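# What the coordinates show
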Amino acid sequence: MIDLELTEEQRLLQQSVREWGAREIAPRIHDLDRQHRFDAGILPRMASLGLLGISIPAEYGGAGMDYVSLGLACEELEYIDTSLRVIMSVHAGLNSLSLLSWGTEEQRRQYLVPQARGEKIGGYGLTEPGAGSDVRAIQSVAVKRDGYWVLTGEKTWISLADVADHFLVFAWSDREKKQRRDISGISAFIVERAYAGFSSGPLEEKWGILAGNTGFFKLDEVEVPEANLLGREGEGFKIAMFALDQGRYTVAAGATGLIRACRDASVRYATERRTFGVPISQHQLVKEMIAQMESDYQAARLLWLRSGWLKNRGRRDTRETGLAKWFATVASERAAGDAVQIHGANGYSDEYPVGRFYRNCKGAVIYEGTREIHKLMQADYALGYRIDREARCTLPPYREPAPAGRASAPGEDDAG
């Protein structure tokens, strides 16, 4: 039985993130967006709130909260601005949860612990100039040499490219399989920014999420220790897809927050703006748009909450998360477009936030599986062409901390 009632701990988290965002970020986000400036000072504050390790067990430096709490944080953060949620998607979703589930104990101690504490920031490198939805098209290669994996290639559209300390990078480790486009020839590696041959830079021409850091990085024969292979050799594609399940979950929850932001801004403006002698909130077509926002918000929230419920039980949720991501992002695009329409000419002005919402929402309809990719996936599930089989690795199920004074049963707190 699915229980979607929030716990007291979850409600307190929701309130604290909401209040922090309203107090410290909302008054400044307009200027940060206009200046195309990522404020790295936000990261230590997010760390102090426990957000950067929110769903990482305490034994690895995290807050030890459940996966629904991760979704709640993402919804509240994107309500303020998409750039805040992107931090969570990349650092907490794509990178840290992959280390938790696929990493060795040594890798968890070396990389996951400082990331969960917010002392280091994690990134993710899959997309390349010629490879997006078609992962087999990546050209980055890894060659084993003298106790190292030597990586060469380029990644682009990388969030936190100039900020992250460590990246989860995917490359072909088997050249023959690369020629055959056999995905079992792709491996995953933990790459540090400090390694010789690593360089990065910003993408200057994007028109959305302007308060976020987006860029590229290049690997020029970067020597990566063999111990930094994540999972087994040839498991890179599986790890990439696993990571995307977690990232899509955070995107879905975040897009739900954006729908709510569009709804609230529209309600506020519609009750204040008057035309033909009455507030525009009394015009039926304006009501229709606001009703659609409300309907989409409630539906999107239920979809990501169900996915979080499955994650808490350690169950694979590729189908459910994909549906949540697809629905929420498309609905957020509709909500942002209608919010601009409700604001009329003022919606086309930078004076109001809905123009920023409109620019920000489009990215999520494209990354981590385009709208079209997710449509095909859901159709294939319905037709029986696609079936989720048992995965080698899923998220460890959430276990509530043992009450003070009671020892845990053997294995009870194992992050496994």
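Summarised in this report is the structure supplied together with it. As the structure is a computational prediction, the values presented were derived from the model and not from experiment.

With that settled, the discussion passes to a nonpolar patch on the surface. Together, Ile2, Leu4 and Leu302 give the surface a local cluster of nonpolar side chains, amounting to about 230 Å² of exposed area. Its location among the elements puts Ile2 in the segment before helix H1 (8-34).

Right, let's talk about the packing of helix H4 (residues 82-102) against helix H5 (residues 105-117) for a bit. The relative placement of two packed helices is expressed as an angle between their axes plus a distance between the axes. Packing of H4 against H5 brings their axes to within 10 Å, and their N-to-C directions diverge by 150°. With respect to H5, the element H4 is oriented roughly antiparallel. Considering only the axes of H4 and H5, their crossing is left-handed. Packed against H4, whose contacting residues are His91, Asn95, Ser96, Leu99 and Leu100, the element H5 presents Arg108, Tyr111, Leu112 and Gln115 at the interface. Its residues assigned to classes, the contact of H4 with H5 comprises four nonpolar, four polar and one charged.

What follows deals with the nonpolar core. Of all hydrophobic cores here, the largest spans 116 residues; its most connected members are Met88, Tyr124 and Val191. If sequence neighbours within four positions are ignored, Val191 has contacts with Leu151, Asp165, His166, Phe167, Val169, Phe198, Leu219, Val222 and Val224.

Turning next to the packing of aromatic side chains. Tallying each qualifying case throughout the model produces eight aromatic pairs. When the centroid spacing of 4.8 Å and the interplanar angle of 50° are considered together, the rings of Phe167 and Phe217 count as tilted. Residue Phe167 is found in strand E4 (residues 166-172), and its partner Phe217 is found in strand E7 (residues 214-225); the two are separated by 50 residues along the sequence. For Phe167, a relative accessible area of 1% translates into the label buried. For Phe217, a relative accessible area of 0% gives the class buried. Three or more aromatic residues link up through ring pairs in this structure, and these residues are Phe167, Phe198 and Phe217. Note that Arg263 overlies the ring of Tyr297, its terminal NZ or CZ placed 5.3 Å from the centroid.

Turning next to the side chain of Gln107. Residue position: Gln107 is located in helix H5. Taking the relative accessible area as the measure of exposure, Gln107 reaches 3% and is therefore buried.

This part takes up the environment of Cys262. Mapped onto the secondary structure, Cys262 falls in helix H7 (residues 236-272). Sequence separation between Cys262 and Val340 is 78 residues, and the spatial gap between their C-alpha atoms is 8.8 Å. Apart from the residues within four sequence positions on either side, Cys262 is in contact with Met293, Ala335, Ala336, Ala339 and Phe357.

Helical geometry: 3.6 residues make up each α-helical turn, so side chains three or four residues apart lie on a common side. All buried positions along helix H10 (residues 354-366) are accounted for by Val354, Gly355, Arg356, Phe357, Arg359, Asn360, Cys361, Ala364 and Val365. Buried residues along H10 sit in contact with H1, helix H3 (67-80), H4, H7, helix H9 (318-343) and helix H11 (371-383). Backbone geometry just after H10 places Glu368 at a positive phi near 55°.

This part takes up the pattern of salt bridges. Counted under the stated rule, the structure contains 28 salt bridges. In this structure, the salt-bridge partner of Arg306 is Glu320, at a minimum N-O distance of 3.9 Å. You can see Arg306 sitting in helix H8 (residues 284-312) and its partner Glu320 sitting in helix H9, a full 14 residues away along the chain. Arg306 sits in the partly exposed class, given a relative accessible area of 39%. Looking at Glu320, the relative accessible area reads 19%, which means it is buried. Between Lys362 and Glu333 there is a salt bridge, with its nearest N and O atoms 2.9 Å apart. Placement of Lys362 in helix H10 and of Glu333 in helix H9 is noted, with a sequence separation of 29 residues between them. One network of salt bridges, with partners in common, ties together Arg18, Glu75, Glu76, Arg260 and Arg301.

Let us look at a negative patch on the surface. Taken together, Asp146, Asp220, Glu221 and Glu223 make up a surface patch of like negative charges. Note on placement: Asp220 falls in strand E7. The class of Asp220 is exposed, set by a relative accessible area of 55%.

Time to look at the environment of His343. Positionally, His343 belongs in helix H9. With a relative accessible area of 3%, His343 lands in the buried category. C-alpha of His343 to C-alpha of Ala265: the two residues are 78 residues apart in sequence and 9.1 Å apart in space. Here His343 is in contact with Ala265, Ser266, Tyr269, Tyr352 and Val354, once residues within four sequence places are set aside.

Calculation notes
- Residues numbered from 1 in each chain as written.
- Predicted model: local features only at pLDDT ≥ 70, side-chain atom pairs only at ≥ 80, totals over all residues.
- Heavy atoms only, no water.
- Patch = residues over 30% accessible without salt bridge, like charges linked within 9 Å, V, L, I, M, F, W, Y side chains within 5 Å.
- Areas by Shrake-Rupley, 256 points an atom, 1.4 Å probe, with all protein chains shown as cover.
- Salt bridge = Lys/Arg side-chain N within 4 Å of Asp/Glu carboxyl O.
- Helix = DSSP H or I, 4+ residues; strand = E, 2+ residues; numbered from the N terminus.
- Axes fitted to C-alpha atoms, helices over the stretch in contact; angles between N-to-C directions.
- Parallel < 35°, antiparallel > 145°, perpendicular 65-115°, else oblique.
- Left-handed = near helix turned anticlockwise from the far one by under 90°.
- Contact = heavy atoms within 4.5 Å.
- Nonpolar A, V, L, I, M, F, W, Y, C, P; charged D, E, K, R; others polar.
- Core = buried A, V, L, I, M, F, W, Y, C linked by side-chain atoms within 4.5 Å.
- Buried < 20%, exposed > 50% of the residue type's maximum accessible area, 1.4 Å probe, protein only.
- Phe/Tyr/Trp six-rings, centres within 6.5 Å; stacked < 30°, edge-to-face > 60°.
- Lys NZ or Arg CZ within 6 Å of the ring centre and 35° of its normal.
- Lys, Arg positive; Asp, Glu negative; His and termini not counted.
- Charge placed at Lys NZ, Arg CZ, Asp CG, Glu CD.

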